[in-house]
Structure formats: C-alpha cells, structure tokens
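Fold and contact review
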Amino acid sequence: YFLSAFTVDKAWMGRKRLQTGGFILVGLLFFLTGGIMPILKEPQNTGAFVFLYCLATFFYQFGPNATTFLIPAEVYATPVRARCHGLSAMAGKVGALVGEQGIAQML
C-alpha cells in the first residue's frame, strides 16, 4: 500500500495502469498457484507456497486495494462523492455475490 502511494502519481504509472497491472499480476499468480497446487501441497514446498501467497498479497495491496479508494474520490463531484462512492462499493459487492452464485449454479 505504501509503495503505491509513492508511485501512483508518477507519470509512468497512473491510477489506471496501477490498478490494471495489479489485477493482471494477481490473476497470473493465482493461476500459477492453482496450476501447481499438487506440487505446493507437499511439505517440502511450503516455502514456495508462502512466497507465492506473499507475492500475490503484495501486488493486491500495491494495485487494486490502493486505487479502489483513490479513483472514486477523484471521479465524483464533491456534493455527491460519498453517495456515489457508496453506490460504487455496493455495485462491487453485488457483482461479487452474483458472480459467486453464478459459478455455484454452473458447477
């Protein structure tokens, strides 16, 4: 989170690139972890699992977690900022619920 605070305003980074890059890296790390999970379950590979988990957590905090609060605060006008930020948060939670229930129904 602190590293993103120092890089988000750099000309080469920006909010959109920070968020997109964070989501892509976290997604790749989750796919990698899921793909090699039978190997990671072995007791001698606990360190590799912890390393991949910490790396995914770092990139989640570095990208999406930081920009989730920055972007709505800058996009919405001051008189409606709190209401629209709350509606954005609600939409994200509803999307997560619908996605989770949709996957549950498909499986």
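Just so you know, these numbers come straight off a predicted model, no measurement behind them. (Residues numbered from 1 in each chain as written. Predicted model: local features only at pLDDT ≥ 70, side-chain atom pairs only at ≥ 80, totals over all residues. Heavy atoms only, no water.)

Moving on: the packing of helix H2 (residues 14-35) against helix H4 (residues 46-75). Contact geometry of H2 with H4 gives a least axis separation of 8 Å together with a crossing angle of 150°. As judged from the angle between their axes, H2 and H4 are roughly antiparallel. By crossing handedness, the relation of H2 to H4 is classed as left-handed. Class assignment of the residues belonging to the contact of H2 with H4 gives a composition of 16 nonpolar, 6 polar and 2 charged. (Axes fitted to C-alpha atoms, helices over the stretch in contact; angles between N-to-C directions. Helix = DSSP H or I, 4+ residues; strand = E, 2+ residues; numbered from the N terminus. Parallel < 35°, antiparallel > 145°, perpendicular 65-115°, else oblique. Left-handed = near helix turned anticlockwise from the far one by under 90°. Nonpolar A, V, L, I, M, F, W, Y, C, P; charged D, E, K, R; others polar.)

Another point: the nonpolar core. Judged by nonpolar contacts, Val8, Met13, Leu18, Val26, Leu29, Leu40, Leu52, Ala56, Phe59 and Phe62 together constitute the single largest core of 10 residues. Among the secondary structure elements, those contributing two or more residues to this core are H2 and H4. Looking at this core, the element that brings in the most residues is H4, giving 4 residues. Beyond its immediate chain neighbours, meaning those up to four positions away, leucine 29 contacts Leu52, Leu55, Ala56 and Phe59. (Core = buried A, V, L, I, M, F, W, Y, C linked by side-chain atoms within 4.5 Å. Buried < 20%, exposed > 50% of the residue type's maximum accessible area, 1.4 Å probe, protein only. Contact = heavy atoms within 4.5 Å.)

This next bit is on the packing of aromatic side chains. Applying the stated criterion across every chain yields a total of 2 aromatic pairs. Ring centres 5.1 Å apart and planes at 75° place the aromatic pair phenylalanine 58 and phenylalanine 59 in the edge-to-face group. Judged by centre distance (5.8 Å) and plane angle (10°), the ring pair of phenylalanine 58 and phenylalanine 62 falls under stacked. With phenylalanine 58 and phenylalanine 62 both in helix H4, this residue pair falls 4 residues apart, about one helical turn. (Phe/Tyr/Trp six-rings, centres within 6.5 Å; stacked < 30°, edge-to-face > 60°.)

The next point concerns the environment of phenylalanine 2. With respect to the helices and strands, the residue phenylalanine 2 is situated in helix H1 (residues 2-7). Judged by relative accessible area, phenylalanine 2 falls into the exposed class, the value being 66%. When the C-alpha atoms of phenylalanine 2 and alanine 66 are compared, they prove to be 8.9 Å apart, with 64 residues separating the residues in sequence.

Between its first and last C-alpha, H4 extends 43 Å over 30 residues, near the 44 Å set by a 1.5 Å rise per residue. Buried positions along H4 lie against H1, H2, helix H3 (37-40) and helix H5 (81-106). (Expected span 1.5 Å × (residues − 1).)

On their own, these measurements won't tell you what the molecule is for.
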